[in-house]
Amino acid sequence: MIRENQKVFNSVNVLLDMLVILVSLFIITSSFFSKIFKFNLVIDFRNTVLIFMFLIPSYILLYSVFELYAPQRAIKSMFSETFKIMEVNLIEFFLLTMTISIGAIAITSPGFIAVLIIVNTCLASIERFLLRLILRYLRAKGFNIKYILIIGAGEVGVKLFNTIKKNTYLGYKVIGFLDDDIEGELEEGVKVIGKIKDLDKIYAEQIVDRVIISISPRHFELLQNIIDNCEKIGVRAEIIPDYYRYVTSHPNIESIDDIPIISVRRIPLDISYNHYIKRIFDIIFVSTAFIIFSPLLIIIALLVKLTSKGPIIYSQERVGKDGEIFKIYKFRSMYTENSYIDEEKWTQKDDPRITPIGKFIRKTSIDELPQFYNILKGNMSLVGPRPERPYFVDKFKESIPRYMIKHHVQPGMTGLAQINGYRGNTSIKKRIKFDIEYVENWGILLDLKIIIKTIPTLIKDQNAY
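What you see is a predicted model, and the numbers here were worked out from it, not measured in a lab.

Caption draft 1: Main features of the sheet that holds strand β2 (residues 172-178). An order of β3-β4-β2-β1-β5-β6 is seen for the six strands of this open sheet, with the pairing classed as mixed. Among the strands making up the open sheet, the edge pair consists of β3 (185-187) and β6 (236-239). This sheet shows a mean twist of 35° between the axes of neighbouring strands, independent of strand direction. Most of the contacts of helix α6 (residues 155-166) go to β2, to which it runs at about 160°, and overall it touches β1 (146-151), β2, β3, β4 (190-194) and β5 (210-213). This element, helix α8 (residues 220-233), spans β1, β5 and β6 of the sheet and lies at about 175° to β5.

Caption draft 2: Seen up close, the side chain of glutamate 92. Along the chain, the position of glutamate 92 falls in helix α4 (residues 82-101). Although glutamate 92 lies buried, it forms no salt bridge, and the closest oppositely charged side chain, arginine 128, sits 12 Å away as judged by the N-O distance. If we ignore the near neighbours within four places in the chain, the residues touching glutamate 92 are Phe54, Leu55, Ser58, Tyr59, Leu62 and Ile117.

Caption draft 3: Up close: the pattern of salt bridges. Following the criterion strictly, the structure yields 13 salt bridges and no others. Each of Asp17, Glu81, Glu127, Arg128 and Arg132 takes part in salt bridges that share partners, so that together they form one network.

Caption draft 4: The arrangement of the packing of aromatic side chains in detail. Scanning the model with the defined rule gives ten aromatic pairs in all. Aromatic pair tyrosine 59 and tyrosine 63: ring centres 5.8 Å apart, planes at 90°, arrangement edge-to-face. Placement of the pair is tyrosine 59 and tyrosine 63 together in helix α3 (residues 45-65), with a separation of four residues, close to one helical turn. Chaining the aromatic ring pairs together yields one cluster made of Tyr391, Phe392, Phe396 and Tyr403.

Caption draft 5: Examining helix α10 (residues 356-363) more closely. Taken residue by residue, α10 has Ile357, Gly358, Ile361 and Arg362 as its buried positions. Projection of α10 onto a plane perpendicular to its axis shows the buried side chains occupying an angular sector of 130°, all on one side. Those residues of α10 that are buried are in contact with α9 (272-307) and β10 (325-331). Residue serine 365 follows α10 closely and has a positive phi angle near 65°.

Caption draft 6: Representation of empty space enclosed by the protein. Evaluated as defined, the whole model comprises six cavities of 30 Å³ or more. Together, Leu269, His275, Lys278, Arg279, Asp282, Lys321, His408, Val409 and Gln410 line the largest cavity. The residue inventory of the lining of the largest cavity, partitioned by class, reads two nonpolar, three polar and four charged. Residue lining of the second largest cavity: Arg386, Glu388, Phe396, Tyr403, Lys406, Ile428, Arg431, Ile432 and Asp435, and that is the complete set. At four residues, helix α14 (residues 428-440) tops the list of elements feeding residues into the lining of the second largest cavity. Class assignment of the residues belonging to the lining of the second largest cavity gives a composition of four nonpolar, no polar and five charged.

Caption draft 7: Geometry of a nonpolar patch on the surface. On the surface, Tyr243, Tyr246, Ile253, Ile262 and Val264 cluster together into a nonpolar patch covering about 500 Å² of accessible area. In this fold, valine 264 is placed in the loop between β8 (259-263) and α9. Accessibility expressed as a relative area gives 48% for valine 264, which makes it partly exposed.

Caption draft 8: Just the environment of phenylalanine 177, in detail. Counting through the fold element by element, phenylalanine 177 comes out in strand β2. With 20 residues separating them in the primary sequence, phenylalanine 177 and glycine 157 have C-alpha atoms 8.3 Å apart. Once residues lying within four places of it in the same chain are set aside, the contact partners of phenylalanine 177 are Ile150, Gly152, Ala153, Gly157, Val158, Phe161, Leu186, Val190, Lys191, Val192, Ile193 and Gly194.

Caption draft 9: Spotlight on the pairing of β8. Pairing of strand β7 (residues 252-256) with β8 involves five bridges; the strand directions are antiparallel. Note on β8: the bridge partner recorded for serine 255 is proline 260. Once β7 ends, the chain turns through two residues before running back antiparallel as β8, passing aspartate 257 with a positive phi of about 60°.

The rules behind the values
Residues numbered from 1 in each chain as written. Predicted model: local features only at pLDDT ≥ 70, side-chain atom pairs only at ≥ 80, totals over all residues. Heavy atoms only, no water. Pairing = 2+ DSSP bridges. Helix = DSSP H or I, 4+ residues; strand = E, 2+ residues; numbered from the N terminus. Axes fitted to C-alpha atoms, helices over the stretch in contact; angles between N-to-C directions. Contact = heavy atoms within 4.5 Å. Buried < 20%, exposed > 50% of the residue type's maximum accessible area, 1.4 Å probe, protein only. Lys, Arg positive; Asp, Glu negative; His and termini not counted. Salt bridge = Lys/Arg side-chain N within 4 Å of Asp/Glu carboxyl O. Phe/Tyr/Trp six-rings, centres within 6.5 Å; stacked < 30°, edge-to-face > 60°. Arc of directions from axis to C-beta. 1 Å grid on protein atoms, 1.4 Å probe; cavity = no way out; pocket = protein on both sides within 12 Å on 5 of 7 lines; lining within 4 Å. Points joined across faces, edges and corners; volume = space filled by probe spheres on them. Nonpolar A, V, L, I, M, F, W, Y, C, P; charged D, E, K, R; others polar. Patch = residues over 30% accessible without salt bridge, like charges linked within 9 Å, V, L, I, M, F, W, Y side chains within 5 Å. Areas by Shrake-Rupley, 256 points an atom, 1.4 Å probe, with all protein chains shown as cover.

And the structure:
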């Protein structure tokens, strides 16, 4: 039976990554590629070798920095590495551009670097996907397995066993439990195989890759003895915190001196790098969209002004990141004399306050376009949980569990809840579920997915009025 050897696997990974770079160079410098895509990217052999020699160490270093050689066994998504590969290639693009600009490598084809990066990103993503696919197949067939011994046969330990049993892609097999108070078979296929003091004996007789401790921290002395024993016999010991149910699946751990502090909720956008990536994306996207939609903005502004009395732009207080109150901007879609501002009332279907042009711009969400200014100003993002009025925030935070978590990130023009049909007067509980999912799992690819799905959602949305 194959036992995982991370060093060997990493070596294979490095060789495959080198092969991908070589194949990428071969593809884009081939005459066949030039004929198909009408690119003249053929360069001489010397510069091809120089590029290869430059790319190999830089790619391997960046892949290491971005943890692309770290174990991925417990990560569920088959495409978990794609975004990191894109980030690495983006950095590589700038590095290679600078290297060529200083004359270290002579390339005259202006599109060479861009095409190389695109091809390599695609091939590297496919390579990692296929590698994960093969590993999952092998693990499902009983190969590349890690053997787990669980200490503590209580509720937490049994739940861990059932989770491992259900997710075969992990490649884990529980050989049994050790417990001082419970005996016999616990679940189909697993039982208590001894007392906690039998750890040495079990380790000598069976293959044990990991020992997972699922006993309460109140048994401090016993816990310390188990850890000491695991370290003595040379097996890895891991602990399931007794408060695990309060912690998300990807907790953030910080240290104050030598005291670890676990954040109850992981917020990817708390990381400065992620925040700046999202902010740059927002500015570039919105600036471009503003130029494209400027004729439409002018037309709508004229229609609003000519069809009803009142201002073109309407502003309203909303609650943003960290509870900060800000002014959100929209094209006015209601008659100003019909109590446009009602802090305690949702907009209803066939609402008499809505103007004829207002019905159209609300249905198509064109009334939201002035929020481009909110995004450029920095109190909103293109994608994020939709901001709510202070009255409703105060109301929902008392009645809807975890409602305020959405305010850990900047609000957006569109969001995960909206593309799943929860817009306007719909279930707040379901909307918050999607908002929290977004907050905890943010990624630039998720933003792109939401943006792409927003347009067809607007066309068929029955809750926009």
